[in-house]
Amino acid sequence: MTERADIQNVINAWNNGLDSGDIDAMVATCDPNAVTVNEGQPATIGVQAIRDKYIPRIAAAEITSGYDIEDLQFFGDVAVVSGRFYGTMKMRDTGETRTPQGRLVLVYKRDATGAWKMILDMDNNGPA
């Protein structure tokens, strides 16, 4: 498997976990000290904080998500990915459907086992 395919697989594992409501699958793709920096929100640092942030989101909506890699660069055991995220959130309480989209930079680092783990997720919402 190529390094690009490895990165795509770890991104897909996060998205599949999000879409299926499997928080354990999501955080399994993260370094223990991962940071998420989402537009208009304080930074979230660490796996437990990421769990705390996403559990209510998963409970509130049926989610579908996707990510198109536009640029991928490797710096030894670090990969920097930029691209476009998109998805739908059908709110369970109102039936309203939201369509979040925007730009997303992800940074991955190989752990001691050689697996790619997310260390940074930074997005901005709006026109992709």
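Refer to the preceding data block for the structure.
All values reported here derive from a predicted model rather than from experimental measurement.

Chemist: Can you explain the overall build of the chain? Please cite residues and give values.
Modeler: Across its full length, the chain holds three helices and seven strands. Helices (α) and strands (β) of the chain occur, in sequence order from the N terminus, as α-α-β-β-α-β-β-β-β-β. Here the C-alpha atoms of the chain give a radius of gyration of 14 Å, agreeing with the 14 Å that 2.2 N^0.38 yields for 128 residues. Here the chain holds 128 residues, and 37% of them are scored as buried. In the chain, 48% of the contacts between residues at least 6 apart in sequence involve partners at least 24 apart. Summed over all atoms, the accessible surface of the chain reaches about 6,800 Å², with 54% contributed by carbon and sulfur. Considering the chain, the positive charge centre built from 12 side chains and the negative charge centre built from 18 side chains are found 2 Å apart.

Chemist: Can you tell me about the packing of aromatic side chains, naming the residues and giving the values?
Modeler: In this structure the tally under the stated criterion is two aromatic pairs. Relative to Y54, the ring of W14 lies with its centre 5.3 Å away and its plane at 90 degrees, an arrangement referred to as edge-to-face. In this pair, W14 sits in helix α1 (residues 3-20) while Y54 sits in helix α3 (residues 47-60), placing the two residues 40 residues apart along the sequence. Each member of the pair, W14 as well as Y54, carries the same accessibility label: buried. Just above the ring of Y54 sits the side chain of R57; from NZ or CZ to the centre is 4.8 Å.

Chemist: Quick rundown of the nonpolar core? Include the residues and the values.
Modeler: One finds I7, I11, W14, Y67, V81, L106 and Y108 to be the most contacted residues of the largest nonpolar core, which totals 29 residues. With sequence-adjacent residues up to four places away left out, I7 is seen in contact with L72, F74, A79, V81, Y108 and W116.

Chemist: I'd like a rundown of the environment of I69, residues and numbers included.
Modeler: Within the secondary structure, I69 is located in strand β3 (residues 61-75). Classification of I69 as buried rests on a relative accessible area of 13%. I69 has contacts with R4, Q8, I11, V81 and S82, leaving out every residue within four places of it along the chain.

What counts, and where the lines are drawn
- Residues numbered from 1 in each chain as written.
- Predicted model: local features only at pLDDT ≥ 70, side-chain atom pairs only at ≥ 80, totals over all residues.
- Heavy atoms only, no water.
- Helix = DSSP H or I, 4+ residues; strand = E, 2+ residues; numbered from the N terminus.
- Rg over C-alpha atoms; globule rule 2.2 N^0.38 Å.
- Buried < 20%, exposed > 50% of the residue type's maximum accessible area, 1.4 Å probe, protein only.
- Contact = heavy atoms within 4.5 Å.
- Areas by Shrake-Rupley, 256 points an atom, 1.4 Å probe, with all protein chains shown as cover.
- Lys, Arg positive; Asp, Glu negative; His and termini not counted.
- Charge placed at Lys NZ, Arg CZ, Asp CG, Glu CD.
- Phe/Tyr/Trp six-rings, centres within 6.5 Å; stacked < 30°, edge-to-face > 60°.
- Lys NZ or Arg CZ within 6 Å of the ring centre and 35° of its normal.
- Core = buried A, V, L, I, M, F, W, Y, C linked by side-chain atoms within 4.5 Å.

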